[in-house]
Structures are given as C-alpha cells and as structure tokens.
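Secondary and tertiary structure notes
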Amino acid sequence: MPDLTKQFLKRVDDARDDLIALTQDLIRIPTVNPPGNDYLAICEYLDRRLKSRGFETELVRAKDTPGDSDKYPRWNIVARRTGAHGGDCVHFNSHIDVVEVGHGWTHDPFGAALVDGRIYGRGSCDMKGGLATSIIAAEAFLDTWPDFSGAVEISGTADEETGGFGGVAYLCEQGFFSPEKVQHVIIPEPFKDRVCLGHRGVYWAEIETHGRIAHGSMPFLGDCAVRHMGAVLAEMESSLFPALARKRTDMPVIPEGARQSTMNINSLHGGQAEPEPGFTGLPSPCVPDRAKMIVDRRFLLEENIEDVEAEIVAVLEKVKSEREGFRYDMREIHRVIPSMTARDAPVVTTVSAAIQSVMGKEPQYVVSPGTYDQKHIDRIGRMKNCIAYGPGILDLAHQPDEYIEVGDMLDSAKVMGLALAEILTGETPLKT
Ligand SMILES: [Zn+2]
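Since the structure is predicted, the reported quantities are computational estimates derived from the model, not experimental observations.

Now for unusual backbone geometry. In this model, N33 is joined to P34 through a cis peptide bond whose omega is -10°. Residue placement: P34 occurs in the loop between α2 (16-27) and α3 (39-51). Cis rather than trans, the peptide bond between D126 and M127 has omega equal to -5°. Inspection of the secondary structure puts M127 in helix α4 (residues 124-144).

Quick look at the nonpolar core now. Within soluble globular proteins, side chains that are nonpolar tend to cluster in buried spots. Within the largest apolar cluster, 112 residues are counted, with the highest numbers of intra-cluster contacts made by I136, I186, V351, I387 and L420. If one sorts the elements of this core by residue count, helix α10 (residues 406-424) sits on top with twelve residues. Two domains each donate at least three residues to this core, and these are domain 1 (3-199 + 338-431) and domain 2 (201-272 + 282-336). Leave out the neighbours within four places in its chain, and V351 touches I186, V195, I387, Y389, V415 and A419.

As assigned here, the protein comprises domain 1 (3-199 + 338-431) and domain 2 (201-272 + 282-336). Relative to domain 2, the C-alpha centre of domain 1 lies at a distance of 37 Å. Counting residues at the interface gives eight residues for domain 1, matched by twelve residues for domain 2. For the side of domain 1 that touches domain 2, the element with the most residues is strand β14 (residues 364-368), which contributes three residues. Tallied by class, residues from the side of domain 1 that touches domain 2 come to six nonpolar, one polar and one charged.

The next subject is helix α1 (residues 3-14). Look at α1: 16 Å from first C-alpha to last across twelve residues, which is about the 16 Å you get at 1.5 Å a residue. Listed in full, the buried residues belonging to α1 are T5, F8, L9 and V12. Along the axis of α1, the buried positions cluster into a sector of 95°, meaning they face one direction only. In this structure, α1 carries D3, K6, K10 and D14 as exposed residues pointing more than 90 degrees from its buried face. In this fold, the buried residues of α1 make contact with α4 and α10.

Below, the discussion takes up the sheet that holds strand β4 (residues 114-115). With antiparallel pairing, the three strands of this open sheet are ordered in space as β4-β5-β16. The outermost strands of the open sheet, each flanked by one partner alone, are β4 and β16 (403-405). Both β4 and strand β5 (residues 118-120) contribute to a ladder of two bridges, which runs antiparallel. Paired with V115 across the bridge in β5 is R118. The sheet strands contacting α2 are β4, β5 and β16, and the helix crosses β5 at an angle near 15°. In the packing of α10 onto the sheet, contacts are made with β5 and β16, and the angle to β16 comes to roughly 60°.

So, about the pairing of strand β6 (residues 149-157). Side chains on a regular strand alternate between the two faces of the sheet. Of all nine residues that make up β6, eight are buried, and the element is covered over most of its length. With six bridges connecting them, strand β2 (residues 75-82) and β6 associate as antiparallel partners. Bridged to A79 within β6 is I154. As paired elements, strand β3 (residues 85-95) and β6 share eight bridges and run parallel to each other. Among the inter-strand pairings, S94 is bridged to a residue of β6, identified as G156.

The next point concerns the packing of helix α6 (residues 225-246) against helix α7 (residues 305-322). Where α6 contacts α7, the two axes come as close as 10 Å, and the packing angle between them is 125°. Compared by their axis directions, α6 and α7 come out oblique. Note on packing geometry: the crossing formed by α6 with α7 is right-handed. For the pair formed by α6 and α7, the contact residues are A231, V232, E235, M236, S239 and L240 on the first element and E311, V315, L316, K318 and V319 on the second. Tallied by class, the residues present in the contact of α6 with α7 amount to seven nonpolar, one polar and three charged.

Packing of helix α8 (residues 346-359) against α10 leaves a shortest axis separation of 8 Å and a crossing angle of 130°. Comparing their axes, α10 and α8 come out oblique. Crossing geometry of α8 relative to α10 is assigned as right-handed. Where α8 abuts α10, its residues T350, V351, A354, I355, S357, V358 and M359 lie against D411, K414, V415, L418, A419, E422 and I423. Grouping the amino acids of the contact of α8 with α10 by side-chain chemistry returns nine nonpolar, two polar and three charged.

Attention shifts here to the environment of H184. Among the structural elements, H184 can be located in strand β7 (residues 184-187). Here H184 falls in the buried class, since 25 other C-beta atoms lie within 10 Å of it. Along the backbone, H184 and C386 are 202 residues apart, and their C-alpha atoms lie at a distance of 6.1 Å. Apart from residues no more than four positions distant in its own chain, H184 is found in contact with D88, V90, H91, P346, V347, N385 and I423.

Take the sheet that holds strand β10 (residues 262-270) next. Read from one edge to the other, the open sheet built from four strands follows the order β10-β11-β9-β12, with strand pairing classed as antiparallel. Only two strands of the sheet have a single neighbouring strand rather than two, namely β10 and β12 (327-336). If you compare each strand with its neighbour and ignore which way they point, the axes differ by 15° on average. Bridge analysis of β10 against strand β11 (residues 290-299) gives eight bridges, and the strand direction is antiparallel. Across the sheet, residue H269 finds its bridge partner in β11, namely K292.

What counts and what doesn't
Residues numbered from 1 in each chain as written. Predicted model: local features only at pLDDT ≥ 70, side-chain atom pairs only at ≥ 80, totals over all residues. Helix = DSSP H or I, 4+ residues; strand = E, 2+ residues; numbered from the N terminus. Core = buried A, V, L, I, M, F, W, Y, C linked by C-beta atoms within 7 Å. Buried ≥ 20, exposed ≤ 12 C-beta atoms within 10 Å, placed from the backbone. Domains from an automatic or database assignment. Contact = placed C-beta atoms within 7 Å. Nonpolar A, V, L, I, M, F, W, Y, C, P; charged D, E, K, R; others polar. Expected span 1.5 Å × (residues − 1). Arc of directions from axis to C-beta. Pairing = 2+ DSSP bridges. Axes fitted to C-alpha atoms, helices over the stretch in contact; angles between N-to-C directions. Parallel < 35°, antiparallel > 145°, perpendicular 65-115°, else oblique. Left-handed = near helix turned anticlockwise from the far one by under 90°.

Next up, the structure:
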C-alpha cells in the first residue's frame, strides 16, 4: 500500500470524533420536510464548515418552487474546491431534509445520542450521516493529496423527500449539474456496501368518476360516482394487477418483491368530506356525484410511460363500455422516467474498486424501488455517471429510532476518499 494511502486511512480514523460531532450537529438542526424547517440554518452551518476548509460556497434559494415561501424558503448549498490542475469534478450530493418523526421513538429524535457506536436521530442514516461522511472524506483527501487535479464539490440540497423540485431539480436547471461542469456524482444515501445504479419510474394519475347528486332515500334518481369507482377497482383487480405482477425486470431492484411493475392506490375519496373534528351531527343523505382516486404506478426500464398510461386508460374504457352512465376523467400529476447508470460507468467501477479495497468484497449492484434525486441529475442535468452510495442501513430510513453506525461512516469515508484519489490524482492507490 502506498504511503499516502496509509496516511489517508489514518487521517480518516483520526477524524472519528470530528465525524461524530459533525453528524450530531446536523441531526440537531431539525430540517423536517414538510414544511421544510431550518434549511437556511443548516446551509449556514455547512457554509461555515466548508469555507473554513478552503471551499468556495454558494447559497442558492430555489425561489417560487413548490413549497418555497418567505416562511419556509428552499435553501441549498453548493461548495467547490478546485485543484491545482485541470481535471474531472467529483460531486457529492446529499439532501438536507428529513421526514416527520412519527411515533415509537425511545431516543430523542433530534438529540443525536451516541450509544454503543450508533448515533440516533431522525435523518441519521437518511442522510445526514452520509453528508457528514462525504465532508470528512473530502477533507481527509484534500489534506493527503493537496496537489490534486480537477475539483471536489459537496452540495446540501432541499426537498428530496418531497420530490426535489426546490433542491437538485432547481440546481440542475441553474446549471450546477451538467456534463461540462460535473463528471461524477455520488449521492451518499444509505446503501452500506452496495452500489445503487438507479431507480424505477413513476407515473401518478388522478382518476375521477362522475355521477349525479340526489336524495339518498331515492338513489335511483341520482347516479352514484362511488359505485362507478368501485367498478374501476374491480376491473383493476381482475385485469391490471395480475398483468403488472407478470412484468418482470432485469433491473437488479431491491427488495426482490419490487423486481416487477407495481401500483399502489394512494387515496380514494368519494361523497361527503369527513366532518370537522368535534362535529357530532349526522351526515346528510346524498348520492355522491363524484369520486376521486390517486394511483401510484411504478414502472420498469423495459416499459415506456405511454404504455403505462394506456393500460390504465384501457381499464377505464373497458368499464365505460360495460357500464351505463359511466363517465370519467384522468389527469397525470407526476412522472419520473426510470434511470440506471451503466455497470461499467467510471463512477461505478471506481467506487466498486474502493469498496473492494476497504471492505474486502465486491459490492452488490442494486436499483432502488423508489426514486431519489438521481432522476433530476439524469433528466435535467444530462448526467449519466451517477450512483447512490453511502453509509447506513436503508431499511432504517423513515423509521422510529433511526440510527447510523460510526464504523459504517468511517468505512464509507475511506471508500469515498479513495475514489477521489483514484479520479483526481495520478496515483492509483486502489490497485496496490
Ligand atoms: Zn434520503
């Protein structure tokens, strides 16, 4: 092993206390989204940290994106450290938002207690631990190889948990991610010793059935929109769901159950709205004149979105042909095209080799069942050389008593730093 590599690995181990403190500080800023709390506070914290280590920083507010307001501004930070010579830019992108706390915690969700080598808190593994790890990795790399070529970038971005429009999507639109500016992207989501190549696609639609209001004692004088929607559900059960289950993918999606097309009925509303809390009266007798359903369809690289839409339309048209008075509308509300980085892309092979040299085994290559910010980097940023890789256990994300292991973070910092060395220095510490 070359001396510099040894020096680097020691430098990471020596940063253990710093890594713990940094992770704890980040968890203690409760950036819960929605609504998007404390984005400016966490960006200012990161700004101080990264400036003190020689990064040039930029705070970017995604003005007028979904959720942005003066009360809850969508702040992002992008930090860059440019090397002494020209070369590639490696970018670590972490989201700064966390989901709601939920119930069932035995630790303070924003206390960031360190117990037996684990730091507990909302966002610890998803993904403030990953953010802290990338910072420690970059700092240790810069200390070890100050004469590097190219650039290291670290971003902290808003709103990943709610679609990323005020975060990575906005930065892509502003030119922060483009093949000219950034050549390698690592998103430190919790995949531990696996490399995540991409994600399935998403198609969300709202389906509405129409009826006619009448007195509930004489429903034959009206037309019940809820019964029409029931017919839609029955047709989905008999034809669409079995067809989706038969569509298998070659994408290495985890868990195994998601290695097919899926659809979730996200919500169903029909008839009178639920009464306000505290209202003790009875409902009034009416035939519902409309019902609405939102479907959340996840699709595969092997499918195209036009067919995904057409399959749902076919269900509705079949019901229409069989059912008197059936009228419907369908409206697309969200779409994401599937993304999968090639197995031989440079960032994949480099990080894989680094995992091998730190952890002594080849990583598993996986695809995420749900999407994350890679979708924007691929589609808007036109950047294909992107993966998710970082410390922590994916299953703990969004759960009570979420935690991150300090040991995991140290391993991952070594992987990230060796990947930087491989790409940004002439040396190839991995091959020895
Ligand atoms: Zn995440």
